[in-house]
Amino acid sequence: MPAIREGARGAVISGWGTSLPEKVLTNDELAATMDTSDEWIRSRTGIAERRVGGTTIGLSIESGRQALEMAGLDPSRIDALVLATTTPDKQWGSAAVVQHELGMRCGAVDVNAACTGFMYGLVTAHGLIAMGADRVLVIGTDSLSRITDYTDRATAPLFGDGSGAVVLESVDGDGELLGWDLDADGSALGILQAEVGGYIEMEGKEVFRRAVRLMVDSAEKSMAHAGVTIDDIKLIIPHQANIRIIQAACDRLGIPIERASVVIEHTGNTSSATIPLALADALDRGRVEYGDLLLLVGFGGGMTAASCVLRWGGDAQ
Ligand code: UT7
């Protein structure tokens, strides 16, 4: 993937929001219905509980509403809505319904790149702004509980529902995006897939093995395009699939896990929502300051990989 073209119109994130369904599903509750245990799930994945029972449209409306409110924008001022989801409520139209319900009057599209969907959406939104849009709402939402087989202990503990959103606004100057990478390898679809109308099927060990390599490769490409090294990165915002994958990726990249934003313990893997949820958590906890460099990186079914380096607030030095 190319580095950012000289003179491209820049953008910054000006608001964010999150949404999780109310119902909490704990490891102990899962262990009451299948042959597993809280100890096994925590030690192998880092997950203690997940939220279930949301709809993609409902969760998206809530996170999107919060992001617009924080940005102080009337919905009518948004030029485009990109909704990343691999679990649309219907075959099409989720983004359009969210657009309508939030009172926006703009184009609206569903983007499906499994767990890298938010990253694909965020890079696409920066591209729309480079081409003249002024404000884009990017939402990452999944309701994976609807495609999870709760009789399969190999997958049931991993997944949950959730949503995160950001408002991206054009700025004079370079904006926040310093480097990005989008990648895909369709030859590996079979190790992590879901037939239309079916459940998530996965070769866990093989996904784990590839995930670490994909994240590291993609992160290194984004950092090379940005002209930075891992030592310049204040915080890594990784896809939250398994704490051991996050740990292994951090080890290989040479960044301590203390510099990662981790929310998996209470959310599980929410696919398109993990990165915006982890980003919002870091921002809400005051872990990010103006001018800090953030590395967002994920992998997903397809298989896909994606990453970007952001300078928070744009060209502050
Ligand atoms: O967004 C991407 C989505 N997917 C992923 O990221 C998945 C990536 N993979 C993983 O996270 C891990 O491979 C898993 C968490 C899925 C599995 O962890 P693992 O350390 O690779 O375990 P394993 O598959 O090698 O299984 C070890 C043992 C097996 O028993 P035996 O053969 O050693 O007797 C499994 O049958 O653990 C057993 N096992 C379980 N035991 C209790 C598998 N699932 C469970 C379970 N509870 N839920």
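Residues numbered from 1 in each chain as written. Predicted model: local features only at pLDDT ≥ 70, side-chain atom pairs only at ≥ 80, totals over all residues. Heavy atoms only, no water.

Draft legend 1. Structural detail: the overall build of the chain. If you tally the helices and strands in the chain, you get nine helices and 13 strands. Radius of gyration (C-alpha) of the chain: 18 Å, near the 20 Å computed for a compact globule of 317 residues. Taken over the C-alpha atoms alone, the chain extends approximately 55 × 45 × 40 Å along its principal axes. In the chain, which comprises 317 residues, the proportion classed as buried is 55%. A sequence separation of at least 24 residues applies to 78% of the contacts in the chain between residues at least 6 apart. Carbon and sulfur atoms make up 49% of the accessible area of the chain, which amounts to about 13,100 Å² in all. Between the averaged position of the 26 positive side-chain charges in the chain and that of its 43 negative side-chain charges there is a distance of 2 Å. (Helix = DSSP H or I, 4+ residues; strand = E, 2+ residues; numbered from the N terminus. Rg over C-alpha atoms; globule rule 2.2 N^0.38 Å. Buried < 20%, exposed > 50% of the residue type's maximum accessible area, 1.4 Å probe, protein only. Contact = heavy atoms within 4.5 Å. Areas by Shrake-Rupley, 256 points an atom, 1.4 Å probe, with all protein chains shown as cover. Lys, Arg positive; Asp, Glu negative; His and termini not counted. Charge placed at Lys NZ, Arg CZ, Asp CG, Glu CD.)

Draft legend 2. Highlighting the site of the ligand. Taken together, 22 residues sit near the ligand, with Thr36, Arg44, Lys205, Asn242 and Asn269 positioned nearest. Between Thr36 and the ligand, the recorded distance is 2.6 Å, taken from a side-chain N or O atom to a nitrogen atom. A distance of 2.9 Å is found between a nitrogen atom of the ligand and a backbone nitrogen or oxygen belonging to Gly204. Compared with its free state, where it exposes 950 Å², the ligand has 73% of that area covered by protein. The element best represented in the shell around the ligand is helix H6 (residues 204–226), accounting for four residues. Residues belonging to the shell around the ligand are distributed by class as follows: eleven nonpolar, six polar and five charged. Counting contributing residues, the shell around the ligand receives three or more from each of domain 1 (10–171) and domain 2 (177–311). (Near = heavy atom within 4 Å. Polar contact = N/O pair within 3.5 Å; in protein donor to acceptor, adjacent residues only side chain to side chain. Nonpolar A, V, L, I, M, F, W, Y, C, P; charged D, E, K, R; others polar. Domains from an automatic or database assignment.)

Draft legend 3. Region of interest: the nonpolar core. With 46 residues, the main nonpolar core has Met223, Ile233, Ile236, Leu253, Leu295, Phe299 and Val309 as its most contacted residues. Broken down by secondary-structure element, the contributors of at least two residues to this core are H6, helix H7 (243–253), strand E12 (293–300) and strand E13 (304–311). Here this core takes nine residues from H6, the largest share from any one element. Two domains each put at least three residues into this core: domain 1 (10–171) and domain 2 (177–311). Excluding residues within four positions of it along the chain, Ile233 makes contact with Met223, Val228, Ile255, Arg259, Leu293, Leu294, Leu295 and Val309. (Core = buried A, V, L, I, M, F, W, Y, C linked by side-chain atoms within 4.5 Å.)

Draft legend 4. Here's a closer look at the packing of aromatic side chains. Evaluation of the coordinates by the stated rule reveals one aromatic pair. Measuring from ring centre to ring centre gives 6.0 Å for Trp16 and Trp312, while their planes differ by 70 degrees; the resulting arrangement is edge-to-face. Placement of the pair is Trp16 in strand E1 (residues 10–19) and Trp312 in the segment after E13, with a sequence separation of 296 residues. An identical accessibility class is assigned to Trp16 and Trp312; each is buried. (Phe/Tyr/Trp six-rings, centres within 6.5 Å; stacked < 30°, edge-to-face > 60°.)

Draft legend 5. Main features of the sheet that holds E13. The four strands lie next to each other as E8-E13-E12-E11, forming an open sheet whose pairing is mixed. With one partner strand each, in any of the chains shown, strand E8 (177–184) and strand E11 (235–238) form the two edges of the open sheet. Between one strand and the next, the sheet's axes are offset by a mean angle of 10 degrees, whatever the strand orientation. Where E11 lies against E12, four bridges are found, and the strand directions are parallel. The residue bridging Leu235 from the neighbouring strand is Leu294, located in E12. (Pairing = 2+ DSSP bridges. Axes fitted to C-alpha atoms, helices over the stretch in contact; angles between N-to-C directions.)

Draft legend 6. Expanded view of the domain arrangement of the chain. Considered domain by domain, the chain is made up of domain 1 (10–171) and domain 2 (177–311). For domain 1 versus domain 2, the distance between C-alpha centres works out to 15 Å. Carbon and sulfur atoms supply 68% of the area that domain 1 and domain 2 bury against each other, a total of about 3,500 Å² over both sides. Here domain 1 and domain 2 share one salt bridge between them. (Buried area = accessible area lost by both parts, 1.4 Å probe. Salt bridge = Lys/Arg side-chain N within 4 Å of Asp/Glu carboxyl O.)

Draft legend 7. View of the sheet that holds strand E4 (residues 80–84). If you trace the five strands from one edge of the open sheet to the other, you get E1-E7-E6-E4-E5, paired in mixed fashion. One side of each edge strand has no neighbouring strand; the edge strands of this open sheet are E1 and strand E5 (107–111). Adjacent strand axes in the sheet meet at a mean angle of 20 degrees, parallel and antiparallel pairs treated alike.

Draft legend 8. Seen up close, the environment of Leu178. Its location among the elements puts Leu178 in strand E8. Through-space distance from the C-alpha of Leu178 to that of Leu294 is 9.9 Å; in sequence the pair is 116 residues apart. Dropping the residues within four chain positions of it, Leu178 is found in contact with Ile4, His225, Ala226, Leu293, Val309 and Arg311.

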